[in-house]
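Descriptive structure summary
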Amino acid sequence: MKCLTSKEMTQIDLTAMKDYNMPGDMLMENAGRSIVAQIEPDIVKRDQIVVVAGPGNNGGDGFVVARELYNRGYRVKLIQTVPNEKITGDANKHFTILKKFGVPIVTSMSEAEHELKSATLVIDALFGTGYVGPMHEPIQSYVDLMNQILAPIYSIDVPSGVSEDVDSMTVAVKATKTLIIEAPKVTAYIETTAPYYGEKTIVSIGLPYAAFHSISRTVWLAPQVQTSLMPRQQFGHKGTYGHVLLVGGNVAMPGAVQLSALGAVKSGAGLVSVMTDEATWPYLQLPYEVMRTSVDYIMNKDFLSKYQVIAFGMGLGIDDQKERMLHQLLEQDVPLLIDADGLTLLGRDLRRLEGRNSPTVLTPHPKEFAMLSGHSVAAIKVNPFSVTKSFAKKHGVFLILKGANTIITSPRGEQIVNTTGNSGLSKGGSGDLLSGICSVRMMQDKPLLSSLANGVFLHGAACDFAIKQAYTPYDVTPTDVAGMLGEAFRTFIE
Ligand SMILES: NC(=O)C1=CN([C@@H]2O[C@H](COP(=O)(O)OP(=O)(O)OC[C@H]3O[C@@H](n4cnc5c(N)ncnc54)[C@H](OP(=O)(O)O)[C@@H]3O)[C@@H](O)[C@H]2O)[C@@H](O)CC1
Ligand SMILES: [K+]
């Protein structure tokens, strides 16, 4: 499933109309009918349904919904928020039909307030992808009224008032559920706008799939993992699945590399090795399956060439010697994942990324990405897709920006957004576990972008299983999440 900006969605609507001869009023009819099909299981005939319609095509979808529900015998009222002359084009065609059907229309604010207060379901069809902030009166008052009532609100396509240009956002509808047309918009995954959506449901209106091909932003779901996860092979051996080296840990933070090792062991690695300094070994309790390697080998290029992936930085600590280790690894022709303290060391001189022959994967959380990119954390949170894309392209890296909806970006700017996981992952150690999981998937799944997305998906899915089966977001630990990786993998083999 693709994920789009409003501009891209508008372009696809235009392509459908121009290149595929799909009339706009037909698409609107399809949208309205698909939405009614989603709403109908949630309503009964005595419900009082109020549709709040704006001036554009989103309002047009609302006209179809109001007419269709009315025609099926439901009690429906339409709140018209703009004068007749503002309703034009396809929306006006459906407005005319709606009036012929005799759907009751409310135009005054006082009546609208009364209707909204007695509604049992409100359909928000004020604005969709064509909204540009800020919001003005009287529309703002309608939104304020909607946000005060207790009845559920179902928004059509986008909660009205939500915009990619977060700085221009004033008020927006807080939806109970959003019935997203055809494909989710980026605002559904951005921290500042996602909470307005409530529950998300996709409704198809028959737009041609081929029109979405040029969109290089994908929502990663189980079918994508299913097709890209390397199958276990009957005649495979440990060499088939790769040998990963995890470089990290120090006396103060030995647990980080332990969790990475646990993640790697539980994610299908052929062999897992850990490299740390002498002083740290006594504090490590590694899984039995993990091999130990001395930091002295970091200078030995031939020795390092036996690893298919090296992950660097989890609980490593920061000093000049560690920085030299990073520089040595950056010169090694091996896929390299850099996390945590490794990112801080890399941030001292990003030019070190230049000229690498093998892929480099960076796994920052927003604060680490702020340090690397020079953007503020706030700017990253409102614009995560564009800031990560330009950074990944500029530095030729794969980037995993960790968050509630982790975004994975390739050096070419292709992007994947993850939807698994829950607040139980917002804990120290979750990132270390993820590094271990991703390093292993990097050795097995193709292409590399998909392998990283699979790692992120499985990490989140394991925590979702943990919450469903035994734990809560309060008590679940990264170790518990590792224990649930089997449940996540099982989804793809049964
Ligand atoms: N064929 C299609 O394209 C299909 C589209 N579909 C549906 O259409 C939606 C997109 O429709 P859209 O492009 O008409 O935009 P929409 O969100 O209704 O708003 C635009 C209107 O709002 C106005 N307006 C904007 N900002 C404002 C503000 N701050 N304050 C006040 N007014 C403001 C703006 O006025 P203008 O700026 O033009 O004067 C214009 O009148 C999409 O989300 C989906 O639901 C489906 O039916 C499938 C087929
Ligand atoms: K809407």
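Parameters at a glance
Numbering of residues starts from 1 in every chain and runs along the sequence as written. Written order determines the labels here, with chains lettered from A and ligands numbered from 1. For this predicted model, a pLDDT threshold of at least 70 governs which residues receive local features, and a threshold of 80 or more governs which side-chain atom pairs are given and counted, while totals over whole chains, interfaces and linings are taken from all residues. Water and hydrogen atoms were dropped before computing side-chain values, which therefore reflect all heavy atoms in the structure. UniProt positions are given in the numbering used here, feature names are shortened, and annotations may be inferred rather than shown by experiment. Two strands are said to pair when DSSP picks up at least two bridges between them. Starting at the N terminus, helices and strands are each numbered in turn, a helix being any DSSP run of H or I of at least four residues and a strand any DSSP run of E of at least two. Centres within 6.5 Å make a pair out of two Phe, Tyr or Trp rings, where for Trp the six-membered ring is used; the pair is then stacked when the planes are under 30 degrees apart, edge-to-face when over 60, and tilted otherwise. Using a 1.4 Å probe on the protein chains alone, a residue whose accessible area is under 20% of its type maximum counts as buried, one over 50% counts as exposed, and one in between counts as partly exposed. Criterion for a charge above a ring: Lys NZ or Arg CZ within 6 Å of the ring centre, and within 35 degrees of the ring normal. For Na, K and Ca the donor cutoff is 3.2 Å, while for all other metals N, O and S atoms must lie within 2.8 Å; water is not among the atoms, so some sites may look incomplete. Cavities and pockets were defined on a 1 Å grid built over protein atoms only: a cavity is a set of grid points that admits a 1.4 Å probe from which the probe cannot escape, a pocket is an open set flanked by protein on both sides within 12 Å along at least five of seven lines, and lining residues are those with an atom within 4 Å of any such point. Counting of polar contacts relies on pairs of N or O atoms within 3.5 Å, with two restrictions inside protein: one atom must be capable of donating a hydrogen and the other of accepting it, and residues adjacent in sequence are counted only when both atoms are side-chain atoms. It only takes one pair of heavy atoms within 4.5 Å for two residues to be counted as in contact. Nonpolar cores were defined as sets of buried Ala, Val, Leu, Ile, Met, Phe, Trp, Tyr and Cys residues, with membership established by side-chain atoms within 4.5 Å. An arc is given here, and it is the one of the directions from the helix axis to the C-beta atoms. We call a residue near a molecule or strand as soon as one heavy atom of that residue lies within 4 Å of the molecule or strand. Per-residue accessibility takes into account occlusion by the displayed protein chains alone, with areas from the Shrake-Rupley method and a 1.4 Å probe. Occupancy of a cavity or pocket is assigned to a molecule whenever over half of its atoms lie within 2 Å of that pocket's grid points. What counts as a salt bridge is simple: a side-chain nitrogen of Lys or Arg found within 4 Å of a carboxyl oxygen of Asp or Glu.

- As recorded in an unreviewed UniProt entry, the chain goes by Bifunctional NAD(P)H-hydrate repair enzyme and comes from Halolactibacillus alkaliphilus.
- UniProt, in the comment section headed Subunit (unreviewed entry), describes the chain in these words: "Homotetramer."

**Structural notes on the sheet that holds strand β6 (residues 177–181)**
- Spatial strand order, β3-β2-β1-β4-β5-β6-β7: seven strands in an open sheet with parallel pairing. With one partner strand each, in any of the chains shown, β3 (105–106) and β7 (199–203) form the two edges of the open sheet.
- Pairing between strand β1 (residues 48–53) and strand β4 (residues 121–125): five bridges, direction parallel. From the neighbouring strand, V52 faces β4, where its bridge partner is D124.

**As for the packing of aromatic side chains**
- Using the criterion set out here, one finds six aromatic pairs in the structure.
- Geometrically, the ring pair formed by Y297 and F303 is stacked, given 3.9 Å between the ring centres and 15° between the ring planes.
- According to the relative accessible area criterion, Y297 is partly exposed, its value standing at 36%.
- Ring geometry for F303 against Y307: centres 6.0 Å apart, planes inclined by 70°, an arrangement best described as edge-to-face. The same class applies to F303 and to Y307, which are both buried.
- Each residue in the set Y297, F303 and Y307 is aromatic and connected to the rest through ring pairs, giving one cluster.
- For R217, the ring lying beneath its charged end belongs to F385, and the centroid distance is 5.9 Å.
- We note R232 situated over the ring of Y241; from NZ or CZ to the ring centre the distance is 3.7 Å.

**Some points on the coordination of the potassium ion (ligand 2)**
- Within the first shell, the potassium ion (ligand 2) binds the protein through N58 (OD1), D124 (O), F127 (O), I156 (O), V158 (O) and S160 (OG), at distances of 2.6 to 3.1 Å.
- If you list the donors of the potassium ion (ligand 2) from N- to C-terminus, the spacing comes out as N-x65-D-x2-F-x28-I-x1-V-x1-S. Highlighted residues: N58 in helix α3 (residues 57–71) and D124 in strand β4, separated in sequence by 66 residues. There is no split in this pair, since N58 and D124 are both buried.

**Quick look at the UniProt feature "binding site: K(+)" (unreviewed entry) in the chain**
- Those residues carrying the UniProt feature "binding site: K(+)" (unreviewed entry) are N58, D124 and S160 in this numbering. Spatially, the listed residues are clustered: although they cover 103 residues, their C-alpha atoms lie within 9.2 Å of one another. In the annotation above, N58 are the residues that line the second largest pocket.
- A polar contact of 3.2 Å, which involves the side chain of D124, links it to the backbone nitrogen of L126.
- Turning to its location among the elements, S160 is positioned in the loop between β5 (153–156) and β6.
- With residues near it in sequence (within four places) discarded, S160 still touches D124, L126, F127, M135, S155, V171, A172 and V173.

**Quick notes on the pairing of strand β8 (residues 217–220)**
- Neither face of β8 is open: one carries R217 and V219, the other T218 and W220, and all of them are buried.
- Inspection of the sheet shows β8 paired to strand β17 (residues 415–418) by four bridges, in the parallel sense. Residue T218 lies in a different strand from β17, and its bridge partner there is I416.

**Details of the nonpolar core**
- Within the largest apolar cluster, 63 residues are counted, with the highest numbers of intra-cluster contacts made by I39, L78, L116 and I123.
- Leave out the neighbours within four places in its chain, and L78 touches V51, A53, F63, A66, F95, L98, V103, P104, I105 and V106.
- Of all hydrophobic cores here, the second largest spans 52 residues; its members include M314, M443, V476 and A482.

**Section: helix α5 (residues 109–118)**
- Among all positions in α5, only A112, E115 and L116 are buried. Seen end-on, α5 carries its buried residues on one side only, within an arc spanning 100°. Opposite the buried face of α5, by more than 90 degrees, sit the exposed residues S110, H114 and K117.
- Contacts made by the buried residues of α5 are with β1, β2 (75–80), β3, β4 and α6 (139–148).

**Digging into the site of ligand 1**
- Neighbouring residues of ligand 1: 19 residues in total, closest N58, D61, G128, V132 and D157.
- Within the contact set of ligand 1, a nitrogen atom lies 2.7 Å away from a backbone nitrogen or oxygen of V132.
- At a separation of 2.9 Å, a nitrogen atom of ligand 1 approaches a polar backbone atom of P134.
- Considering ligand 1 on its own, with 930 Å² of exposed area, one finds that the protein chains cover 73% of that surface.
- Taking a 2 Å distance to the grid points as the criterion, the majority of the atoms of ligand 1 fall inside the second largest pocket.

**Brief notes about the pattern of salt bridges**
- This model, assessed by the stated rule, comprises 24 salt bridges.
- For the salt bridge of E29 with R33, the shortest nitrogen-to-oxygen distance reads 2.7 Å. One end of the pair, E29, and the other, R33, are both in helix α2 (residues 24–39), four residues apart, so they sit about a helical turn from each other.
- E29 gets classed as buried once you look at its relative accessible area, which sits at 17%.
- Two residues, E68 and R33, come together in a salt bridge whose shortest N-O distance is 3.5 Å. Taken together, the residues span a long stretch of sequence, with E68 in helix α3 and R33 in helix α2 at a distance of 35 residues.
- A network of salt bridges, in which partner residues are shared, links E29, R33, E40, R67, E68 and R72.

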